[in-house]
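A structural walkthrough
Chain by chain, the residues:
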Amino acid sequence: MRSSLLFPRIKHARTVRAPHAPASSLRDRLNGTCVAPSDSLVEYAAYIGGKKVEALGIPDALELVRAHNATREGADGFVWVGLHEPDAPEVEWLAEVFDLHPLAVEDAVKAHQRPKVERYDDSLFVVLKTIAYLEHPELTATSEIIGTGEIMAFVGPDFVVTVRHGRYCPLSEVRERLEDKPKLLSRGPTGVLHAIADHVVDKYLHVADEMQAELEEVEAMVFADVSARDISRIYNLKREMIEMKRAVTPLQAPMSTLAQRRMIPSEMREYFRDIVDHLARVCEQVESSNELCNSVLQAALARSNALANEDMRKISSWVAIMAVPTMIAGIYGMNFTHMPEIDSVYGYPIVIGVMVIACSLLYRGFRRNGWM
């Protein structure tokens, strides 16, 4: 997915471009082979003073915001661009517009990254794993319970570029909530980053609660009087637990460092620390659920072995009972001429009676010992 022209062009842009490039030079640089986002573009907008401002395109929105910020001491304007699974030329185009670092651009195109927070010059690159609980009628060996994706966010002094991979955890809800509350938008790009991270962690809490309910249902199934022996369902739940753990646990350290970075305004740090607290709660819940799932799996295996042993005892008991008449019938089936009981009038009923009494005594003994 990495374009052979991507990194040379970006490096050239980074060396010749001023922080606030004039409109003419910006348009001239965008007349190359890179492609503006089209199908992958979810939405873009310029925000000034907590209000949405109409713009003809992404470069015009950025120029409008930078022109506004240049006339004010407290820069309160920024651009937010949202993409969904873009191609490399589209991200390359945005890299030239916003002067994004080539290494971060490569990660955004390839996806499948670990949760992390990295700083490039005056911007941050944040990777968040998204998870979603998939509804299913009942837990089976092939049930999909957890769906995963990624959100990459480029956060600069006057822009936010979000790249989402996967169909889970869309950000339209976050954008609408921020647009309805200008006070939240006035916090700038770091306020948008906080809203996105808070939205993702809230999804973690929801999925963790749903997984806990699934685990309790499986636990009740294992210890039921008539226990299901399909261990593959528990293995499937265990696999989904591990998938969730991989998405949630690695994010704890980057989020903790994010709240302490100098690029985060002091008034926003307490909000990020609140996210860290919520994330710690999720990690603890996921860890405890994972340990409980291990215990349930061990209990299910022990229960399955106990049920198998119980079946073997029943089979062995019936084999022992049937061995008595088989042995007697085998003795009298040898057809010897001189056998005392053969000539007796009461020989047949006596033999049958012995069989019935012996089998009855064996059956009673096995029932008393719990084998049947």
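Residues numbered from 1 in each chain as written. Predicted model: local features only at pLDDT ≥ 70, side-chain atom pairs only at ≥ 80, totals over all residues. Heavy atoms only, no water.

Let's talk about the packing of helix H3 (residues 58-70) against helix H4 (residues 88-98)
Taken N-terminus to C-terminus, the directions of H3 and H4 make an angle of 20°; their axes are 11 Å apart at the nearest point. Here H4 runs roughly parallel to H3, going by the angle between their axes. The two elements H3 and H4 meet at a crossing, and its hand is right-handed. Taking contact as the criterion, the partners of Ile58, Pro59 and Leu62 in H3 are, on H4, Trp93, Leu94, Val97 and Phe98. (Axes fitted to C-alpha atoms, helices over the stretch in contact; angles between N-to-C directions. Helix = DSSP H or I, 4+ residues; strand = E, 2+ residues; numbered from the N terminus. Parallel < 35°, antiparallel > 145°, perpendicular 65-115°, else oblique. Left-handed = near helix turned anticlockwise from the far one by under 90°. Contact = heavy atoms within 4.5 Å.)

Quick word on a negative patch on the surface
On the surface, Glu267, Glu270, Asp274 and Asp277 cluster together into a negatively charged patch. Along the chain, glutamate 270 falls in helix H11 (residues 266-332). (Patch = residues over 30% accessible without salt bridge, like charges linked within 9 Å, V, L, I, M, F, W, Y side chains within 5 Å. Areas by Shrake-Rupley, 256 points an atom, 1.4 Å probe, with all protein chains shown as cover. Salt bridge = Lys/Arg side-chain N within 4 Å of Asp/Glu carboxyl O. Lys, Arg positive; Asp, Glu negative; His and termini not counted. Charge placed at Lys NZ, Arg CZ, Asp CG, Glu CD.)

Some details on the environment of phenylalanine 159
Mapped onto the elements, phenylalanine 159 comes out in strand S7 (residues 159-165). Separated by 93 residues in sequence, phenylalanine 159 and arginine 66 have C-alpha atoms that sit 9.9 Å apart. In this structure phenylalanine 159 touches Phe78, Val79, Phe98, Leu100, Ser123, Phe154 and Pro189, once residues within four positions along its chain are discounted.

Digging into the pattern of salt bridges
Counted under the stated rule, the structure contains nine salt bridges. The salt bridge involving glutamate 150 is made with lysine 129; its shortest N-O contact spans 3.2 Å. Here the residue glutamate 150 occupies a position in strand S6 (residues 146-155), and lysine 129 occupies one in strand S5 (residues 123-133), the gap between them amounting to 21 residues. Judged by relative accessible area, glutamate 150 falls into the buried class, the value being 3%. Judged by relative accessible area, lysine 129 falls into the buried class, the value being 19%. (Buried < 20%, exposed > 50% of the residue type's maximum accessible area, 1.4 Å probe, protein only.)

Details of the packing of H11 against helix H12 (residues 347-368)
In contact at an axis separation of 9 Å, H11 and H12 are set at 165° when each is read in the N-to-C sense. Classed by the angle they form, the pair H11 and H12 counts as roughly antiparallel. In the packing of H11 onto H12, the handedness of the crossing is right-handed. Where H11 abuts H12, its residues Ser317, Trp318, Ala320, Ile321, Val324, Pro325, Ile328, Ala329 and Tyr332 lie against Val351, Val354, Met355, Ala358, Cys359, Leu362, Tyr363 and Phe366.

Examining the nonpolar core
A general feature of soluble globular proteins is that nonpolar side chains tend to end up buried together. Counting 63 residues, the largest nonpolar core has Trp80, Ile196, Tyr204, Met255 and Phe272 as its most contacted members. If you tally residues by element for this core, the top one is helix H8 (residues 189-222), at 16 residues. Those residues in contact with tryptophan 80 that sit more than four places away from it in its chain are Glu43, Tyr44, Ala45, Tyr47, Val160, Thr162, Val174, Arg175, Leu178, Val192 and Ile196. Within the second largest apolar cluster, 30 residues are counted, among which are Ala95, Val105, Ala111 and Phe154. (Core = buried A, V, L, I, M, F, W, Y, C linked by side-chain atoms within 4.5 Å.)

Some thoughts on the side chain of histidine 165
Relative to the assigned elements, histidine 165 resides in strand S7. Leaving out residues up to four positions away in the same chain, histidine 165 has contacts with Glu85, Pro86, Ala108, Val109, Ala111, Gly149, Glu150 and Met152.

So, the pairing of strand S1 (residues 41-48)
Bridge count between S1 and strand S3 (residues 77-84): seven bridges; the pairing is antiparallel. Among the inter-strand pairings, alanine 45 is bridged to a residue of S3, identified as tryptophan 80. With three bridges connecting them, S1 and strand S2 (residues 51-53) associate as antiparallel partners. Paired with alanine 46 across the two strands is valine 53, which belongs to S2. Counted between consecutive antiparallel strands, the loop separating S1 from S2 contains two residues, among which glycine 49 sits at a positive phi close to 65°. (Pairing = 2+ DSSP bridges.)

Some details on the pairing of strand S4 (residues 116-120)
The pairing of S4 with S5 spans five bridges and is antiparallel. For arginine 119, the partnering residue across the bridge sits in S5 and is leucine 124. The turn linking S4 back onto S5 is made up of two residues, and aspartate 121 within it adopts a positive phi angle of 55°.

A closer look at the sheet that holds S6
Within a beta sheet, neighbouring strands are joined by backbone hydrogen bonds and run either parallel or antiparallel to one another. The sheet built from seven strands is open, its strands ordered S2-S1-S3-S7-S6-S5-S4 with mixed pairing. Sheet topology places S2 and S4 at the edges, where each strand pairs with a single neighbour. Mean inter-strand twist for the sheet, computed between neighbouring axes without regard to direction, equals 25°. Judged from the six bridges that link them, S3 and S7 form a sheet pairing that is parallel. Within the sheet, the bridge partner assigned to leucine 83 lies in S7 and is valine 163. Most of the contacts of helix H5 (residues 102-110) go to S6, to which it runs at about 155°, and overall it touches S4, S5, S6 and S7. Across the sheet, helix H9 (residues 231-248) is in contact with S5 and S6; its angle to S5 comes to roughly 160°.

What to know about the packing of aromatic side chains
What the rule picks out here adds up to four aromatic pairs. Taking 5.9 Å as the distance between ring centres and 45° as the angle between the ring planes, the aromatic pair formed by tryptophan 318 and tyrosine 363 counts as tilted. Residue tryptophan 318 is located in helix H11, and its partner tyrosine 363 is located in helix H12; the two are separated by 45 residues in the primary sequence. The class for tryptophan 318 is partly exposed, based on a relative accessible area of 45%. For arginine 175, the ring lying beneath its charged end belongs to tryptophan 80, and the centroid distance is 4.0 Å. Above the plane of the ring of tyrosine 271 lies arginine 187, whose end atom (NZ or CZ) is 4.3 Å from the centre. (Phe/Tyr/Trp six-rings, centres within 6.5 Å; stacked < 30°, edge-to-face > 60°. Lys NZ or Arg CZ within 6 Å of the ring centre and 35° of its normal.)

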